[in-house]
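Read off the chains here:
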Amino acid sequence: MMSARRLVLLFALVLAIAAPAGAHHRQTPPILQFTTSGDTPLPRVSAQGPNTFTLAVQSGSGQQIITISPFRAPTVHVPVGQPGNNSDPAISFNGKRVAFATSDDPLHLGLPGEQLVLNTKNTLGPLTQDTSGTSTNPVVDIAGLRVAFESAGDLTGTGHPGILQVYVRQPDSTIQQASVGVGTSRNAVLSPQKSRLAFESTSDPMSGADTGISQIWLGDLITASAAPITNGHGPSTNPGLSDDGGLLVFESTADLAGTLGNTGIPQVFSFDPKSQTFAQITNDAGGCTLPGVSKVGRDWRIAFVCGGKAYFYMLRADQRFEVQTGGVTQRVLGEMGIHFLLISTTGDLLHGGTTPGHQVYLVNLFKRPPDPDLVHGLAHWFPSRGISPL
């Protein structure tokens, strides 16, 4: 096994090889703090672009959607719409469009419940006109022209109202249903490259019946079609796609590498669409959740949380690292380029100690290297290793 020092040096070499000239890591301090009060979790979907991300921050009794450009104006919170009953912000890869859910009817359309809106050049426009008022959890493509989301409103007239389904709003404003059957489908994600779409669903792919157990489905955003890639007896949930579309990650309580039985403990897995192979990234006794993935040069960084601690795994380098926070971490994601992690934690990364709520920071790994995790084992591939090591 490599020493901790050698692992850190190897990790730094990987970043140096992958870094473009004039990259932000040399000018950015080790830590940037973006929130100082309240409790701010990271959004469900990561900002896969390199320049701007979005948050929902507390504002009075409601939520204000904001965007932040950390390398241009790290202290400036640009408001998107008005504060209120807003949630689930998602930003396009180019940073120019932000979608979110709101029940405040900011466009005065007289529609009930939650609807989706899209902000373009400081102007809000409707994404949904859902008479059921159940449209939530948007995710947008590279330019914000295609939006995947979930609704229980039977928006395409299948005859099954009241069942949460995944839909895709196409550039011509038509809406297609990507999920099938009468199971619950939710938590759509997509990749800026390769136009991949993934989500979780409890529908049986053959009969359409509700199995009660979520599986991960992977497909195509443009055609709004998908098929399951898991078949475990425990739920597989919370998918994430890398920006290049080359890797899918998710969590599952199923023993996908063995009996398929339900262990009751969530672990993090990856799936390579090219080789159709899986890797179990974690095997922690207490479980690990909320994975995210980003391309880092010739490798992929898989970020996740185990027991309130932030970790990431370099898939091809076969290295696991811990990001020390000194507090309880809600989520960690690789955002704003290969040298950076966005993290929501109660650890005060600037002054030490802890904060009452989760605050959001950008960690510059070039100036604040992570600690090698020499305790936990390496990823287990099945049925064979689909991506060669570095």
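Here is a short report on the structure shown in this document. (Residues numbered from 1 in each chain as written. Predicted model: local features only at pLDDT ≥ 70, side-chain atom pairs only at ≥ 80, totals over all residues. Heavy atoms only, no water.)

Glancing now at empty space enclosed by the protein. In the structure shown here, the tally under the stated rule is four cavities of 30 Å³ or more. Within this model, the largest cavity holds a volume of roughly 50 Å³. As for the largest cavity, its lining consists of Asp 105, Pro 106, Leu 107, Leu 109, Leu 111, Gln 115, Val 117, Pro 126 and Thr 128. Its residues assigned to classes, the lining of the largest cavity comprises six nonpolar, two polar and one charged. (1 Å grid on protein atoms, 1.4 Å probe; cavity = no way out; pocket = protein on both sides within 12 Å on 5 of 7 lines; lining within 4 Å. Points joined across faces, edges and corners; volume = space filled by probe spheres on them. Nonpolar A, V, L, I, M, F, W, Y, C, P; charged D, E, K, R; others polar.)

This next bit is on the packing of aromatic side chains. Inspection of the entire model under this criterion finds eleven aromatic pairs. Between Phe 199 and Trp 217 the ring centres are 6.0 Å apart and the planes differ by 20°, which places this aromatic pair in the stacked class. Placement of Phe 199 in strand S14 (residues 196-203) and of Trp 217 in strand S15 (residues 210-220) is noted, with a sequence separation of 18 residues between them. Centroid distance Phe 278 to Phe 382: 5.3 Å. Interplanar angle 10°. Geometry classified as stacked. Of this pair, Phe 278 sits in strand S20 (residues 277-280) while Phe 382 sits in strand S29 (residues 380-382), placing them 104 residues apart in sequence. The class for Phe 278 is buried, based on a relative accessible area of 12%. (Phe/Tyr/Trp six-rings, centres within 6.5 Å; stacked < 30°, edge-to-face > 60°. Helix = DSSP H or I, 4+ residues; strand = E, 2+ residues; numbered from the N terminus. Buried < 20%, exposed > 50% of the residue type's maximum accessible area, 1.4 Å probe, protein only.)

The subject of this paragraph is unusual backbone geometry. The step from Phe 382 to Pro 383 runs through a cis peptide bond, and the omega angle for that step is -5°. Position of Pro 383 among the secondary structure elements: in the segment after S29. Residue Ala 224 is not a glycine yet carries a positive backbone phi of 55°. Secondary-structure assignment places Ala 224 in the loop between S15 and strand S16 (225-228). Judged by relative accessible area, Ala 224 falls into the buried class, the value being 6%. The phi dihedral of Met 336 falls on the positive side, at around 70°, and the residue is not glycine. Following the sequence through the fold, Met 336 ends up in the loop between strand S25 (329-333) and strand S26 (340-347).

In this section: the nonpolar core. Membership of the largest hydrophobic core comes to 28 residues, with the highest contact counts inside it found for Leu 197, Ile 229, Leu 248 and Phe 250. Elements with a contribution of two residues or more to this core: strand S11 (165-169), strand S13 (185-190), S14, S15, strand S18 (248-254) and strand S19 (262-272). Excluding residues that lie within four positions of it along the chain, Leu 197 makes contacts with Ala 148, Val 168, Ala 178, Ala 188, Val 189, Leu 190, Trp 217, Leu 218, Gly 219, Asp 220, Leu 221 and Leu 241. Leu 32, Phe 34, Ala 47 and Ala 56 belong to the second-largest nonpolar core, a separate cluster that totals 22 residues. (Core = buried A, V, L, I, M, F, W, Y, C linked by side-chain atoms within 4.5 Å. Contact = heavy atoms within 4.5 Å.)

Our next topic: the sheet that holds S29. The five strands lie next to each other as S17-S18-S19-S20-S29, forming an open sheet whose pairing is antiparallel. Edge positions in the sheet fall to strand S17 (236-241) and S29, since each of these pairs with one other strand and no more. Averaged over all pairs of adjacent strands, the angle between their axes in this sheet comes to 25°, without regard to strand direction. Judged from the six bridges that link them, S18 and S19 form a sheet pairing that is antiparallel. Residue Ala 254 lies in a different strand from S19, and its bridge partner there is Asn 262. (Pairing = 2+ DSSP bridges. Axes fitted to C-alpha atoms, helices over the stretch in contact; angles between N-to-C directions.)

Locating Asn 86 in the fold gives a position in strand S5 (residues 86-91). Note on Asn 86: relative accessible area 6%, which makes it buried. Residues Asn 86 and Pro 30, spaced 56 residues apart in sequence, show a C-alpha to C-alpha distance of 31 Å. Beyond its immediate chain neighbours, meaning those up to four positions away, Asn 86 contacts Gln 63, Ile 65, Phe 100, Ala 101, Thr 102 and Asp 104. There is a polar contact of 2.9 Å between the side chain of Asn 86 and the backbone oxygen of Gln 63. One polar contact links Asn 86 to Thr 102, side chain to side chain, over a distance of 2.8 Å. (Polar contact = N/O pair within 3.5 Å; in protein donor to acceptor, adjacent residues only side chain to side chain.)

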